[in-house]
Amino acid sequence: MPGRRGRRTCLACRPGGGSRLFGFKEGSNFQELEPEEVELIQLGYKMLMDRRTPGDVARAWNEKGARTPEAKTVWDIHKVKRVYRSERIGGIVTYKGQDLGDSVYPHPLTREEWENVQAVLDSRATPAKKGAGKRKHVYSGVLKCGHCGSTMRIQWATIQGRTFRRTFCHSAQVGANGERGCGKVNRRYDWIEARLNEVVEAALLKRMPQPRSSSDDGLAEEIQILEERIRGLRSRWKEGGLNDEDYFDSLTHLRTDLHRAREDRGLTSSEVISIGVRSGGAPPDWGRR
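These remarks concern the structure in this document. These numbers come from a predicted model, not from an experiment.

Calculation criteria
- Residues numbered from 1 in each chain as written.
- Predicted model: local features only at pLDDT ≥ 70, side-chain atom pairs only at ≥ 80, totals over all residues.
- Heavy atoms only, no water.
- Pairing = 2+ DSSP bridges.
- Helix = DSSP H or I, 4+ residues; strand = E, 2+ residues; numbered from the N terminus.
- Axes fitted to C-alpha atoms, helices over the stretch in contact; angles between N-to-C directions.
- Parallel < 35°, antiparallel > 145°, perpendicular 65-115°, else oblique.
- Left-handed = near helix turned anticlockwise from the far one by under 90°.
- Contact = heavy atoms within 4.5 Å.
- Nonpolar A, V, L, I, M, F, W, Y, C, P; charged D, E, K, R; others polar.
- Expected span 1.5 Å × (residues − 1).
- Buried < 20%, exposed > 50% of the residue type's maximum accessible area, 1.4 Å probe, protein only.
- Arc of directions from axis to C-beta.
- Salt bridge = Lys/Arg side-chain N within 4 Å of Asp/Glu carboxyl O.
- Core = buried A, V, L, I, M, F, W, Y, C linked by side-chain atoms within 4.5 Å.
- Phe/Tyr/Trp six-rings, centres within 6.5 Å; stacked < 30°, edge-to-face > 60°.

Two strands pair when backbone bridges link them, and strand β3 (residues 153-159) and strand β4 (residues 162-168) are joined in this way by seven bridges, in the antiparallel orientation. Bridging across to β4, Arg-153 finds its partner in Phe-168. Connecting β3 to the next strand, β4, in antiparallel fashion are two residues, including Gln-160 with a positive phi near 55 degrees.

What follows is about the sheet that holds β4. Pairing within the open sheet is antiparallel, and its three strands lie in the order β3-β4-β5. Among the strands making up the open sheet, the edge pair consists of β3 and β5 (186-188). Strand-to-strand twist of the sheet, defined as the mean angle between neighbouring strand axes without regard to direction, takes the value 40 degrees.

Describing two packed helices takes the angle between their axes plus the distance from one axis to the other. Put simply, helix α2 (residues 35-49) and helix α5 (residues 111-123) touch, their axes get as near as 10 Å, and they point 50 degrees apart. Of the possible angle classes, the one that applies to α2 and α5 is oblique. The handedness of the crossing between α2 and α5 is left-handed. Contact residues: Tyr-45, Leu-48 and Met-49 in α2; Glu-113, Asn-116, Val-117 and Val-120 in α5. Of the residues assigned to the contact of α2 with α5, the class counts are five nonpolar, one polar and one charged.

It is worth spelling out α2 at this point. With 15 residues, α2 extends 21 Å between its outermost C-alpha atoms, agreeing within 8% with the 21 Å of an ideal straight helix rising 1.5 Å per residue. Turning to α2, its buried residues are Glu-37, Val-38, Leu-40, Ile-41, Gly-44, Tyr-45, Met-47 and Leu-48. Looking at the buried positions of α2, the neighbouring elements they touch are α3 (54-63), α4 (77-85) and α5. Backbone geometry just downstream of α2 places Arg-51 in the positive-phi region, at approximately 65 degrees.

Let us now look at unusual backbone geometry. Phi at Asn-29 is positive, roughly 55 degrees, even though this residue is not glycine. By the element assignment, Asn-29 lies in the loop between α1 (4-11) and α2. The backbone of Arg-51 sits at a positive phi, close to 65 degrees, despite the residue not being glycine. Structurally, the position occupied by Arg-51 is in the loop between α2 and α3.

Taking 1.5 Å per residue, 13 residues should reach 18 Å; α5 reaches 19 Å between its end C-alpha atoms and fits that length. Every buried residue belonging to α5 is among Trp-114, Val-117, Gln-118, Val-120 and Leu-121, and all of these are buried. Angularly, the buried residues of α5 cover 165 degrees about the axis, an arc narrow enough to put them on a single face. Turned more than 90 degrees away from the buried face of α5 sit Glu-112 and Ser-123, all of them exposed. The inward-facing, buried residues of α5 abut α2, α3, α4 and β1 (92-95).

Glancing now at the pattern of salt bridges. Inspection of every chain in the model, using the stated rule, returns twelve salt bridges. Between Arg-52 and Asp-56 there is a salt bridge, with its nearest N and O atoms 3.4 Å apart. For Arg-52, a relative accessible area of 39% translates into the label partly exposed. Notably, a salt bridge pairs Arg-165 with Asp-190, separated by 3.0 Å at the nearest N-O pair. Linking Arg-165 in strand β4 with Asp-190 in helix α6 (residues 189-204), this pair joins segments that are 25 residues apart in sequence. Residue classification places Asp-190 among the partly exposed positions, given a relative accessible area of 32%.

Let's shift gears to the nonpolar core. By size, the foremost hydrophobic cluster in this structure holds 26 residues, and its most contacted members are Ile-41, Trp-61, Trp-75, Tyr-84 and Ile-89. Among the elements of the structure, α2, α3, α4 and α5 are those that each provide at least two residues to this core. Setting aside residues no more than four positions away along its own chain, Trp-75 makes contact with Phe-22, Ala-58, Trp-61, Asn-62, Ala-66, Arg-67, Thr-68, Pro-69, Val-80 and Val-83. The next biggest cluster of nonpolar side chains, apart from the first, holds 21 residues, and it includes Leu-143, Cys-145, Ile-223 and Leu-254.

Another point: the packing of aromatic side chains. Inspection of every chain in the model, using the stated rule, returns eight aromatic pairs. Look at Phe-22 and Trp-61: their rings are 5.1 Å apart centre to centre, the planes differ by 35 degrees, and that puts the pair in the tilted class. Residue Phe-22 is found in the loop between α1 and α2, and its partner Trp-61 is found in helix α3; the two are separated by 39 residues along the sequence. A relative accessible area of 2% places Phe-22 in the buried class. Ring geometry for Tyr-247 and Phe-248: centres 4.9 Å apart, planes at 65 degrees, overall edge-to-face. The buried category is assigned to Tyr-247, whose relative accessible area is 5%. Look at Phe-248 and you get partly exposed, because its relative accessible area is 29%. An aromatic cluster is defined as three or more aromatic residues linked by ring pairs; in this entry it consists of Phe-22, Trp-61, Trp-75 and Tyr-84.

Shown next as structure tokens:
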């Protein structure tokens, strides 16, 4: 929370810079309005209140020859929404997401008008499609930035013709402490996923079966079949033939059957470790990225 002097500065709308917001004059620090642009913003407000769409507003602005402040490009739905989503349009001053009050300088819309626009835009928001919230990456939402502690994002990236997945700390991501991410950490996701998969497999094998004196060739054959099924299941999942939910559900059942078969056969701990290494292949090179 800024001090009293800092609060007066915020309410006077004296930011440190940034791109020009539609409706305000260049370099005015939100203190002076562009009359022609204000007219368009108020026109768009009336259209939205008359149940017109942001697309209708964009077309109306384009027909009047208006262009975006920085790139001087035509208006579209998303650009119009960004204008009306800005608290500055309603004269609302914020500091780290906290509402500090109304600006002492003129603004295109009143606070009440701006809040009316938010209600209209929220009511027009398209509901997410069924299944759209499914996790696309196994460890999405789990990885944390080692520098600032915020949750890291995962996305596909193409650099110099190579397409791969990366996980990174995004400066727009708000952490648990309310601070934004540092944006300093960027890593290859495939390598991290492989390491975490090994940790998960090790956890599944943590409970070793108790050694018994008897053994059965039929159980040995069953164990071999289960291990082959697990390897085949893992290969299909890595190739994209299975989604995460089906993979882990099937893997859990197979691991349970394998654990039971090993207990019935009475394998020693060293035998189980040996089988675990054979089923997973050669030990991974932890230095390879």
